[in-house]
Amino acid sequence: MSGADGGVLTTCPYCGVGCGVRVPAADAAVQGDVTHPANGGRLCVKGSTLHETLVPQGRLLQPLQRVAESGPDALQPLAWDAALDRVAGRFARTIAEHGPDSVAFYVSGQLLTEDYYVANKLMKGYIGSGNIDTNSRLCMSSAVAGHKRAFGEDVVPGCYEDFELADLIVLVGSNTAWCHPVLYQRIVAAKERRPALKLVVVDPRRTPTCDLADLHLPLRPGSDVPLFNGLLAWLAAHGAVDRDFVDGHTRGVDAALAVARDSAGDLDALAGQCGVQRERLEAFYALFAATEKTVTLFSQGVNQSGQGTDKVNSIINCHLLSGRIGRPGMGPFSMTGQPNAMGGREVGGLANTLAAHLDFAEPAQRALVQRFWASPRIAERPGLKAVDLFEAVHAGRIKAIWIVATNPVVSLPDADRVREALRRCEFVVVSDVVQHTDTAQLAHLLLPALAWGEKDGTVTNSERCISRQRAFRPAPGEARADWWAFAGVAARMGWADAFAYDTPAAIFDEHARLSAFENDGGRRFDLRGLAGLTRAEYDALAPIRWPVLERGQGTDRLYGDGRFSHVDGRAVFVPTAPVAPAHAPDAAYPLVLNTGRVRDQWHTMTRTGLAPTLGGHLPEPYVDLHPADALACGVRDGGLARVISRWGSLVVRVRSSGELRRGQIFVPIHWNDQFASDARVGALVNPVVDPHSGEPEFKHTPVRVEEFRADWHGLAYTRGTVDLQRLAWWVRVQTTAAQRYEFAGRGVIADRAQWARAFLGVDEPAPDWIEYRDDGSGVYHAAYIRDGRLQACLYIAPREMLPARDWFAGLFERLRLSLRDRASLMAAEPFTGGADAGPQVCSCYKVGRNTIVKAIREQGLTTPRQVTACLKAGGNCGSCLPEIRGLLAECALVERAEPA
Ligand code: SF4
């Protein structure tokens, strides 16, 4: 569909906010869709640089099969027909020999609902196994389990507008400023309009989200259940109970309150347990008790836990006791990580759900789905959840697996074991957009998928809003939709009629009809108003929140009438007795590892790693820890450290941001073998899962940190490839016209010039090779220029003597280097083009730290608004505003300490 002013309206493929995007023309810079209810025209820096990811680099363009057991490049093209024959034949043979549970699909919250629907129907309704799970298991399956226990159905009762209508917003386990930036900007704007709106952040880290918080509770990792049990007991003790609501619309309050009082009734003990001052606890509880319009947003900090489901229910319990649910400006709110995590839940993409919010437990529900599909069989029981599923692959019980749009060798806990499981597996199919991922390297068969901008279908964001993702570019090479590949395999397995879809619109229609099939209102997930859309109506579908009972009429909120999805219509209080994390720190592993996202990267970087703008903010994987812990571990800010758990290790840069308290460390989830030598944090994470949801414990793994010793350090930019085997450690960063490498090595380099040429792949003698050497200090600079253009430059030095590097990338965009440019390269200082801007703070306008600090000092700026007016920094998505505020505070402190 075109916007009123032309261009294609589609949806951002990154986080669960689900922002509308307008594409003015293929390959042009994207814009926010001003008509979309999620973002009203805003985009964060990831969304606004989507066009930078639409590049051919690394694309998988045809089916490939591995012809030798070893070697990542031993791949041979084959036709789609042959590829689908091979998948169908191998799956059919495995099923015939070992039964339906010997095969599995592992899919993704990146899939469109239509892809998801077909995959789920094939596995559960035709193959007859529950073994389809999704990477959304790692993200929000605890919220799903919590919703089902409390409400009787996986329903998010509210919508984003509630954040603007609330008087109190509690953000729990969510660095919203970085992970859901547009929603955070909506909250910031609401608070600016209405300063009385209070913001409480519950998070062990002092993240950028705390920037605007009225109260931050830096609770001890794993103590969320005691915190909310304490709140429940407080509400009961202080008369903040909606007795009519509790009596008329819920059950189980006494048992939940008994557990809450027993486990968290003593505030002094509770304060000690949570590691938070008693006064802060009381301030939070009093604020919650006094504020009718309260929204509690929770995200991965709650879900990714061995007790994630109980954490979710401990939050919901407080909203049920106070009757604050389903009405404007109030309610518990689960933010999903991925763009279509909720779409996957709708179709049954999780191994323990069936389809259309129906379940395995009820024979009648299984029969209903089978009847609708007219399928030969239906899975009788839930399949294996992600961690167990790969364990079954490791054990050889699952012998064939099809992995679609996800990278489990990076993202799952105990990821080295997952890698080993896939090495052992008899048949691994990987469908992906890019050819080289850590998981694709283990595939027997690679299938080329459509990327964002090429695929066509729907997604559902965190507020139940179904939006179209529209194609605006032709499919490159032989890339095809995932639903088409699943349907092709189904046809070859003998079920052509049931999978005879010709368009995503036909699949969506079937999905909508299933949601309404024999649904007398017991299932709130109901799209009957979207059934029977014509192709043109589907193409033009405007964002709409489910349930949709009438054409064009969505639903903003659910459960406001106090009628829940349990058979008796009541919501359920779930008693939540606190359980300590499975693995406690000890003398060998004294620190607690927390993992999460950074502002400008997404998942395993297969897309964001291509965008030069996004590589500037935090270009390297890092471990963040308290300076005192760094000292105790013998590592220093800016150095390299090895982080080790019982399950694995990695090597990353040390960073002491001041966000963490002693005893805790943080490592981002994104980096993998394609971008760094040794930075898969999944390899360290304990494979502990929540007993209800199966969601892994990504927030609490005992680790230790040690210095990673290197004899020399280096930096290189190159248009070509480099010989990574020569290095002990490296990181690759995409810039506009070159790749940047940070690296370190061991031993002595006898001849630096020879080493540098070999590393950069420059033939000897290089006609335009310039160099500077200072053997006394161990410094070596070299640049390779061809036809006046810079091809590569390289710097080797003790770490502290490596140059500031953010200006080098610009030299690769020049058609001809000047003499001053050449001199700059050797001096490693910019003689032309102004001063070094410093590390990137504002990615949207590429404004560096040094530039901002200079403007603050020289122009006496005191507010973020003034910085934006002066430099534009912070004026687009606003994700960098917390950092700008930090720089303003830093400069003010320095000024106070050193008055002019
Ligand atoms: S907030 Fe999320 S959905 Fe919106 S533009 Fe950013 S990444 Fe995309």
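Our structure is the block above this text.
Residues numbered from 1 in each chain as written. Predicted model: local features only at pLDDT ≥ 70, side-chain atom pairs only at ≥ 80, totals over all residues. Heavy atoms only, no water.

## A closer look at the environment of Tyr 285
Okay, so step 1: Tracing the backbone shows Tyr 285 in helix α12 (residues 278-290).
Okay, so step 2: When the C-alpha atoms of Tyr 285 and Gly 810 are compared, they prove to be 52 Å apart, with 525 residues separating the residues in sequence.
Okay, so step 3: Apart from the residues within four sequence positions on either side, Tyr 285 is in contact with Pro 226, Leu 227, Gly 230, Leu 231, Trp 234, Leu 267 and Leu 270.
Okay, so step 4: Within polar-contact distance, the side chain of Tyr 285 engages the backbone oxygen of Leu 227 at 2.6 Å. (Helix = DSSP H or I, 4+ residues; strand = E, 2+ residues; numbered from the N terminus. Contact = heavy atoms within 4.5 Å. Polar contact = N/O pair within 3.5 Å; in protein donor to acceptor, adjacent residues only side chain to side chain.)

## Structural notes on the packing of helix α16 (residues 363-373) against helix α21 (residues 504-516)
Okay, so step 1: As a packed pair, α16 and α21 sit with axes 11 Å apart at the nearest point and diverge in direction by 145 degrees. When you trace α16 past α21, the crossing you get is right-handed. In this structure, α16 contributes Leu 368, Phe 372 and Trp 373 to the contact, and α21 contributes Glu 510, Arg 513 and Leu 514.
Okay, so step 2: Split into classes, the residues belonging to the contact of α16 with α21 amount to four nonpolar, no polar and two charged. (Axes fitted to C-alpha atoms, helices over the stretch in contact; angles between N-to-C directions. Left-handed = near helix turned anticlockwise from the far one by under 90°. Nonpolar A, V, L, I, M, F, W, Y, C, P; charged D, E, K, R; others polar.)

## Considering the sheet that holds strand β19 (residues 544-545)
Okay, so step 1: As summarised here, the arrangement of the three strands in space is β17-β18-β19, forming an open sheet in which the pairing is antiparallel. Both outer strands of the open sheet, β17 (457-460) and β19, are each paired with one neighbouring strand and no more.
Okay, so step 2: Alignment of strand β18 (residues 465-469) against β19, held across two bridges, turns out to be antiparallel. Note that in β19 the partner of Cys 465 across the bridge is Arg 545. (Pairing = 2+ DSSP bridges.)

## Overview of the side chain of Arg 757
Okay, so step 1: Structurally, Arg 757 is set in helix α24 (residues 752-760).
Okay, so step 2: Once you skip the residues sitting within four places of it in the chain, Arg 757 turns out to touch Val 762, Glu 764, Ala 766 and Trp 769.

## Things to note about the sheet that holds strand β1 (residues 8-11)
The strands making up a sheet associate through hydrogen bonds between their backbones, and the pairing can be parallel or antiparallel.
Okay, so step 1: Taken in spatial order, the three strands make up an open sheet running β1-β2-β3, and their pairing is antiparallel. Of all the strands in the sheet, just β1 and β3 (31-32) have a single pairing partner and so form its edges.
Okay, so step 2: Summarising the sheet, β1 and strand β2 (residues 20-23) pair through four bridges and their orientation is antiparallel. Across the sheet, the residue bridging to Thr 11 is Gly 20, located in β2.

## Section: the packing of aromatic side chains
Okay, so step 1: Tallying each qualifying case throughout the model produces 36 aromatic pairs.
Okay, so step 2: Through a chain of ring-to-ring contacts, the aromatic side chains of Phe 91, Phe 105, Trp 402, Phe 427 and Phe 486 assemble into a single cluster.
Okay, so step 3: Taking NZ or CZ as reference, Arg 205 lies 3.7 Å from the ring centre of Phe 666, over its face. (Phe/Tyr/Trp six-rings, centres within 6.5 Å; stacked < 30°, edge-to-face > 60°. Lys NZ or Arg CZ within 6 Å of the ring centre and 35° of its normal.)

## Regarding the packing of helix α2 (residues 80-98) against helix α20 (residues 482-495)
Okay, so step 1: Contact geometry of α2 with α20 gives a least axis separation of 9 Å together with a crossing angle of 60 degrees. Compared by their axis directions, α2 and α20 come out oblique. For the pair α2 and α20, the crossing hand works out as right-handed. Here Trp 80, Asp 81, Leu 84, Asp 85, Val 87, Ala 88, Phe 91, Ala 92 and Ile 95 of α2 come into contact with α20, specifically with Trp 484, Ala 485, Gly 488, Val 489, Arg 492 and Met 493.
Okay, so step 2: Here the contact of α2 with α20 is built from residues that sort into 11 nonpolar, one polar and three charged. (Parallel < 35°, antiparallel > 145°, perpendicular 65-115°, else oblique.)

## Things to note about the pattern of salt bridges
Okay, so step 1: Counted by the stated rule, this structure contains 60 salt bridges.
Okay, so step 2: For Arg 278, the salt bridge is made with Glu 282, and the minimal N-O distance between the two is 3.2 Å. With Arg 278 and Glu 282 both in helix α12, this residue pair falls four residues apart, about one helical turn.
Okay, so step 3: Residue class for Arg 278 comes out partly exposed when judged on its relative accessible area of 29%.
Okay, so step 4: Residue Asp 624 is joined to Arg 655 by a salt bridge in which the shortest nitrogen-to-oxygen separation is 3.8 Å. A residue pair is termed long-range when its members are at least 10 positions apart, and Asp 624 in strand β22 (residues 622-625) and Arg 655 in strand β24 (residues 649-655) qualify at 31 residues. (Salt bridge = Lys/Arg side-chain N within 4 Å of Asp/Glu carboxyl O. Buried < 20%, exposed > 50% of the residue type's maximum accessible area, 1.4 Å probe, protein only.)

## Let's talk about unusual backbone geometry
Okay, so step 1: With an omega dihedral of 0 degrees, the bond running from Trp 546 to Pro 547 counts as a cis peptide bond.
Okay, so step 2: If you trace the backbone, Pro 547 turns up in the loop between β19 and β20 (571-572).
Okay, so step 3: Even without being a glycine, Lys 846 presents a positive backbone phi close to 50 degrees.
Okay, so step 4: Even without being a glycine, Lys 872 presents a positive backbone phi close to 75 degrees.
Okay, so step 5: Looking at where Lys 872 falls in the secondary structure, it is placed in the loop between α28 (864-871) and α29 (881-897).

## Describing the environment of Thr 736
Okay, so step 1: Examined against the element boundaries, Thr 736 turns out to sit in the loop between β28 (729-734) and β29 (739-745).
Okay, so step 2: With 526 residues separating them in the primary sequence, Thr 736 and Cys 210 have C-alpha atoms 33 Å apart.

## Some thoughts on α24
Think of an α-helix as 3.6 residues a turn; residues three or four steps apart then line up on the same face.
Okay, so step 1: With seven of its nine residues buried, α24 lies for the most part within the structure.
Okay, so step 2: Among the residues of α24, those classed as buried are Arg 752, Ala 753, Trp 755, Ala 756, Arg 757, Phe 759 and Leu 760.
Okay, so step 3: Looking at the buried residues of α24, the elements they touch are β27 (712-718), β29, β30 (769-774), β31 (779-786) and β32 (789-797).
Okay, so step 4: The backbone nitrogen of Ala 753 lies 3.1 Å from a side-chain oxygen of the residue at the head of α24, namely Asp 751.
Okay, so step 5: Gly 761 sits one or two positions beyond α24 and adopts a positive phi of about 70 degrees.

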